[in-house]
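Summary of structural features
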Amino acid sequence: MNSLIKFENVSLNFGGVNALTEVSFEVPDNSLFAIIGPNGAGKTSIFNCVSGIYRPTTGVVKIFDEDISNIKPDAIANLGVSRTFQNIELFENMTTLDNILIGAHRHIDYGSVSGLIFSKKTRREEEKARQIAEDIIDFLEIEEYRYSYILSLPYGIQKRIELGRALAMKPKILLLDEPAAGMNNEETEDIARFILDIHEELEITVVLIDHDMNMVMDIATEVIVMDFGKKLFDGDPKEAAKDSSVIEAYLGVSD
Amino acid sequence: MRRRPDLYISYRDETAILKNNTHRVIALIIASALLILGYVADDYWILLLSASIFLTIATWGLNIVSGMAGQISLAHGFFVAVGTYTAAVVGGFSTEFPNKIIGYELDMIIWLPLAGIVAAGVGLIIAPLAVRLKGLNLALVSIGIVYIGSYILSNLKTVTGGAGLGRKTAGYTILGVNFKDGLEIGSLIFTKNQVLYYIGLLVALLLGIGVKNLLRSKIGRAYAAIRDRDIAAEAIGINLARFKASAFALSSFYAGVAGALMFSTIGAVDVERFGLLFSVTFIAIVVIGGVGTVMGPIFGSIFFGLMPGIIKFVIDHSEFIRDSIPLNAAQIERVIFGLFIVGFLMFEPRGLWGVWFRLRNYFKAWPFSY
Ligand SMILES: Nc1ncnc2c1ncn2[C@@H]1O[C@H](COP(=O)(O)OP(=O)(O)O)[C@@H](O)[C@H]1O
Ligand SMILES: [Mg+2]
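Residues numbered from 1 in each chain as written. Chains lettered and ligands numbered in written order. Predicted model: local features only at pLDDT ≥ 70, side-chain atom pairs only at ≥ 80, totals over all residues. Heavy atoms only, no water.

A tally of helices and strands in chain B yields 16 helices and 6 strands. Summarising its shape, the C-alpha atoms of chain B cover approximately 65 × 55 × 50 Å along the three principal directions. Here chain B holds 370 residues, and the buried ones make up 49% of them. Sequence-distant contacts, at least 24 apart, represent 74% of the contacts inside chain B between residues at least 6 apart. (Helix = DSSP H or I, 4+ residues; strand = E, 2+ residues; numbered from the N terminus. Buried < 20%, exposed > 50% of the residue type's maximum accessible area, 1.4 Å probe, protein only. Contact = heavy atoms within 4.5 Å.)

Counting residues at the interface gives 40 residues for chain A, matched by 30 residues for chain B. Taking both sides of the interface into account, the surface hidden between chain A and chain B amounts to around 3100 Å²; carbon and sulfur atoms contribute 59%. The tally of links between chain A and chain B comes to 3 salt bridges. For Arg229(B), the salt bridge goes to Glu89(A), with nearest N and O atoms at 2.8 Å. Scanning the region where chain A abuts chain B turns up 10 residue pairs in polar contact (both at pLDDT 80 or more). For the side of chain A that touches chain B, the element with the highest residue contribution is helix 5 (residues 120–139) of chain A, accounting for 6 residues. When grouped by side-chain class, the residues that make up the side of chain A that touches chain B number 19 nonpolar, 7 polar and 14 charged. (Buried area = accessible area lost by both parts, 1.4 Å probe. Salt bridge = Lys/Arg side-chain N within 4 Å of Asp/Glu carboxyl O. Polar contact = N/O pair within 3.5 Å; in protein donor to acceptor, adjacent residues only side chain to side chain. Nonpolar A, V, L, I, M, F, W, Y, C, P; charged D, E, K, R; others polar.)

Here the focus is the site of ligand 1. Residue and element names in this part refer to chain A. If you check the shell around ligand 1, you find Phe14, Val17, Ala19, Pro38, Asn39, Gly40, Ala41, Gly42, Lys43, Thr44, Ser45 and Tyr54 and nothing else. At 2.7 Å from an oxygen atom of ligand 1 is found a side-chain nitrogen or oxygen belonging to Thr44. Protein burial of ligand 1: of its 560 Å² of free accessible surface, 65% is covered by the chains. Of all the secondary structure elements, the ones that give two or more residues to the shell around ligand 1 are strand 2 (17–28) and helix 1 (43–51). Of the residues forming the shell around ligand 1, the biggest block, 3 residues, is contributed by helix 1. Of the residues assigned to the shell around ligand 1, the class counts are 6 nonpolar, 5 polar and 1 charged. (Near = heavy atom within 4 Å. Areas by Shrake-Rupley, 256 points an atom, 1.4 Å probe, with all protein chains shown as cover.)

Of all residues except glycine, most have a negative phi; of all peptide bonds, most are trans. All names here are of chain A. The phi torsion at Asn9 lies on the positive side, around 50°, for a residue other than glycine. Its identity as a non-glycine residue notwithstanding, Glu178 has a phi of 50°, on the positive side. Of note, Glu178 is situated in the loop between strand 7 (173–177) and helix 7 (185–200).

With that settled, the discussion passes to the sheet that holds strand 1 (residues 3–14) of chain A. Residues and elements named next belong to chain A. What the 4 strands build is an open sheet, ordered 2-1-4-5; its pairing is antiparallel. Pairing within the sheet leaves two strands with one partner each, and these edge strands are strand 2 and strand 5 (66–67). Inspection of the sheet shows strand 4 (residues 58–63) paired to strand 5 by 2 bridges, in the antiparallel sense. The residue bridging Ile63 from the neighbouring strand is Glu66, located in strand 5. Across the sheet, helix 1 lies against strand 1, strand 2 and strand 4, angled at about 115° from strand 1, the strand it touches most. (Pairing = 2+ DSSP bridges. Axes fitted to C-alpha atoms, helices over the stretch in contact; angles between N-to-C directions.)

Attention now moves to the domain arrangement of chain B. Residue and element names in this part refer to chain B. Along its sequence, chain B is carved into domain 1 (1–40) and domain 2 (44–275). Of the roughly 880 Å² buried between domain 1 and domain 2 on both sides combined, carbon and sulfur atoms contribute 63%. Contact with domain 2 buries surface across domain 1, with Ile17, Gly38 and Tyr39 losing the most and accounting together for 61% of the total. On the surface where domain 1 and domain 2 come into contact, there are 0 salt bridges. Here domain 1 and domain 2 share 6 residue pairs in polar contact (both at pLDDT 80 or more) between them. The leading source of residues in the side of domain 1 that touches domain 2 is helix 2 (residues 21–40), at 5 residues. (Domains from an automatic or database assignment.)

Relative orientation and spacing of two packed helices are given, respectively, by the angle between their axes and the distance between those axes. Residues and elements named next belong to chain B. It is at 7 Å that the axes of helix 12 (residues 276–289) and helix 13 (residues 295–317) come closest, and there the two elements cross at 115°. The angle between the axes of helix 12 and helix 13 places the two elements in the roughly perpendicular class. Crossing of helix 12 against helix 13: the hand is right-handed. Where helix 12 approaches helix 13, its residues Thr281, Ile285, Ile288 and Gly289 are matched on the opposing element by Gly296, Pro297, Phe299, Gly300, Ser301, Phe303 and Phe304. (Parallel < 35°, antiparallel > 145°, perpendicular 65-115°, else oblique. Left-handed = near helix turned anticlockwise from the far one by under 90°.)

Residue and element names in this part refer to chain A. At this site the magnesium ion (ligand 2) is bound by Thr44 (OG1) and Gln86 (OE1), with donor distances of 2.0 Å. With Thr44 in helix 1 and Gln86 in the loop between strand 6 (81–83) and helix 3 (96–103), this residue pair connects regions lying 42 residues apart in the sequence. Judged by relative accessible area, Thr44 falls into the partly exposed class, the value being 24%. According to the relative accessible area criterion, Gln86 is partly exposed, its value standing at 28%. (Donors = N, O, S within 2.8 Å, 3.2 Å for Na, K, Ca; no water.)

In structure tokens form, the structure reads like this:
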């Protein structure tokens, strides 16, 4: 197995709107894979097909060579796929710590009755979960927000916490939907640094959506370019910038 | 070594139920007060206090499924009924006249947990509905369950005695000791209702700790995740069907245990008791008390449970009110209850708990409360 995610002629339409048209690509193991394209190009739809939130109208999505057509979203997550959302989907009424602990859900092993009586096993597993959470809080440098409620935190920090929640799942594949959207230059650099660390130190395969080419060009190992639901380009990021169809797609799209 | 009150040495300290000595002292004072109250209060107030305790247990259950997991259920009263009749069958007497009614006369140590377990089982059967339906649709379908449940119970005459006739509740034997005519321990003498009060307290203590445990565990976090953002919850790997089922089962367990005890003070129960209004009562108590916490249902249930006594007290002691309000005690009770529900929904969605919370923060900052 050398491709972790594989799209085979995937089309997705919503009552006349073709969100994806015959899209095929493979995400190699250990890559930092970027998906770029203007708004409405179908990037988020690709992630939703991987997560099982959308099901392709035709075509097949495989994760670890397994067809996921009949696998439910939570089971897909438990294969080792975690993600962030374009519009932050944190639990706003909870603290940073609780959000990250929820991310660690799949690594905590006890049932409802154990939870009710808070058995020895529960205690041990909760301590383990807390350790996972603390490692991530440390890694993302968000110690000072540990007990803060999400609602009270600035946008950039929320994005970082959502990344933390995804990391707490200890995924093999991490899907990031526009992690730098709405951030200033400094925050974007921070995020880029974290993504590189996740890829290199934690050895997680990262798939990164961005509608802006700049950050991607610096850090990605491979890129696909989407436009109107179709794949325009697949290959080396440096080549993408020179490709005429890519340049055309981006003409008129001002950032 | 003296420790700073907010400094935690370990994760375990931080998640402990009683985090510091202040908490421990408060808990001890409340526990002693409740123990003494059970001995000194007269029978009328014991009945009201016991009712508050049993309501608390039932409402904790509703709070698990609706408050914590966000699945609005109007069928809670039905699960209470399942507990009541499970206990009555397992622990009650059988009769041949006027109807044949079954009862196995087993010990409370068996019928009490069994009432919870059977109700939990029925909860599991109903849970798939919550997997398919959401929000208002689920609430509406749960009303259907109340009606279907009432119909089934009315027709299970050997279990319930049938509508209008009813049956006796479970017997009063615990660990082989019968307290139907009271209980003597050394020089202390307890009435039946006092014993039930103390049993209720003990059960409430255990189940209250249970709710606290859920809240600080992965289970409570998963419920909250499903309640707040189910798509994100699934993407994290939380199995919605499984946790909705577990919320319904645990919730119904609490309902069942409460149901087993709730009518034991009176000693008899009629199916007509378990109409829609009975289920709505629990929703109202959660709203008045406050959603999603351990304390909320306690506040709401004490309020609801003791209100008849307080109204009676006021009417007995004030000629003015007796003469100027053209309503009887039960009517006044309903009006006050209704006003509170509307008032809390409009002005303090966190319920009595929220009021208390604000008062506490006010006094914490006192005298610098600006
Ligand atoms: N749930 C949906 N229902 C209808 N149309 C959708 C839905 N999701 C996406 N689309 C449409 O599919 C196209 C691609 O959307 P999306 O994948 O979100 O693009 P991107 O993430 O590249 O901005 C858009 O035209 C969008 O309106
Ligand atoms: Mg998008």
